[in-house]
Amino acid sequence: MNKLAALSIGIIMTLWAGSSFAISTTGSISYVTTPASVVQGAYESDTSIRAFNEVQNFLLGADINVNMTSPGTASVVTVPSIVRTGLTPGTVSAGTYVNSYFLHLDGLTSGSGTRLKGSITFDQEILGVIMLSNDVISSSNYFSPFTSTAYPTVMGGTGSLDSHFEFFTISPDSRTLTLEMAVLNWSLDQVRVVTKASVPEPSTLLLLGSGITFLGLVRRKIRV
Ligand SMILES: [Ca+2]
Ligand SMILES: [Ca+2]
């Protein structure tokens, strides 16, 4: 491969990597740099649900159980004996390239607790949302060796979707997750969102291919 082609691939790879952070948030969700720890008490806030990137263009080496895979709304029908509606459980299979994001709410306030709401829009389709405690913990165990974040190995309470007003909505285009979560000062709500990987669009690949061909032709002409 000649230097020009290598350079153009480098530029495109850089643009590609950058594009994976083209996500936006509303309400009380804020997108932050990946924190060192999300164990209880390590990263608390009463005003914001922190969202951050875990892995990009990551090849899953194991099946991941997810609780919601399709557009629609999941909510709570009854408490304290919790009955939920709207979950669409499934699996994101080993061999799939994914991006993974984490949403974290660890409140400070005792008594009535902390209740926050917002939405997050991804640059790729959501393949699965994990919000039930056991599945969050097991997927944290899976991702842990590949990230720089320390995760809890147990979660206080039942996690997300454990009170009447908590809900999760996946938009019809599967790009936006809207949610409401509530915690007491000793409990955590944590959510993992697995999206398709930020692979280049076919048009970008075509552009890349034709760019390399063009550079090859230019090189050949210069040599002649
Ligand atoms: Ca909760
Ligand atoms: Ca806390």
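Here is a short report on the structure shown in this document. Quick caveat: nothing in here was measured; it's all calculated off a predicted structure.

**Focus on the sheet that holds strand β3 (residues 49-59)**
Now for step 1: Taken in spatial order, the 5 strands make up an open sheet running β2-β3-β8-β13-β10, and their pairing is mixed. Two strands bound the open sheet, and with one partner strand each, they are β2 (29-31) and β10 (126-130). Averaged over all neighbouring strand pairs, the angle between strand axes comes to 25°, with direction disregarded.
Now for step 2: In this structure, β3 lies alongside strand β8 (residues 97-105), joined through 7 bridges in antiparallel fashion. Note that in β8 the partner of L59 across the bridge is Y97.

**Digging into the nonpolar core**
Now for step 1: Residues V129, M131 and L177 are the most contacted members of the largest nonpolar core, which totals 39 residues.
Now for step 2: Apart from residues no more than four positions distant in its own chain, V129 is found in contact with V66, N67, M68, F168, I170, L177, V191 and V193.

**Quick look at helix α2 (residues 133-143)**
Now for step 1: Along α2, the residues classified as buried are S133, V136, S139 and S140. The buried residues of α2 occupy one face: seen down the axis, they fall within an arc of 135°.
Now for step 2: Check the buried side of α2 and you find it contacts β4 (64-66), β10 and β13 (189-196).

**Re the sheet that holds strand β9 (residues 114-121)**
Now for step 1: Spatially, the 6 strands line up as an open sheet ordered β1-β9-β12-β11-β5-β6, and their pairing is antiparallel. Only two strands of the sheet have a single partner each, and these edge strands are β1 (24-27) and β6 (83-85). Averaged over all pairs of adjacent strands, the angle between their axes in this sheet comes to 20°, without regard to strand direction.
Now for step 2: Relative to β9, β1 runs antiparallel, the two being bridged by 4 bridges.

**What to know about the pairing of β9**
Now for step 1: The pairing of β9 with strand β12 (residues 176-183) spans 8 bridges and is antiparallel. Paired with T121 across the bridge in β12 is T176.

Scoring rules and cut-offs
- Every residue gets a number counted from 1 within its own chain, in the order that chain's sequence is written.
- As a convention, the first chain written is A and the first ligand written is 1, with the rest following in written order.
- Reporting of local features is limited, given that this is a predicted model, to residues whose pLDDT is at least 70; pairs of side-chain atoms are given and counted only at 80 or more, and all residues count toward the totals for whole chains, interfaces and linings.
- At least two bridges found by DSSP between two strands is the condition for calling them paired.
- Put simply, DSSP marks the helices as runs of H or I at least four residues long and the strands as runs of E at least two long, and each gets a number from the N terminus on.
- To define axes, lines are fitted to C-alpha atoms, for helices over the stretch in contact only, and angles between the resulting N-to-C directions are given on a 0 to 180 degree scale.
- To form a nonpolar core, buried Ala, Val, Leu, Ile, Met, Phe, Trp, Tyr and Cys residues must be joined through C-beta atoms within 7 Å.
- With C-beta atoms placed from the backbone, the exposure class of a residue follows from how many other C-beta atoms lie within 10 Å of its own: 20 or more, buried; 12 or fewer, exposed; in between, partly exposed.
- What counts as a contact is two residues whose backbone-derived C-beta atoms lie within 7 Å of each other.
- Regarding the arc, it is the one traced by the directions from the helix axis to the C-beta atoms.

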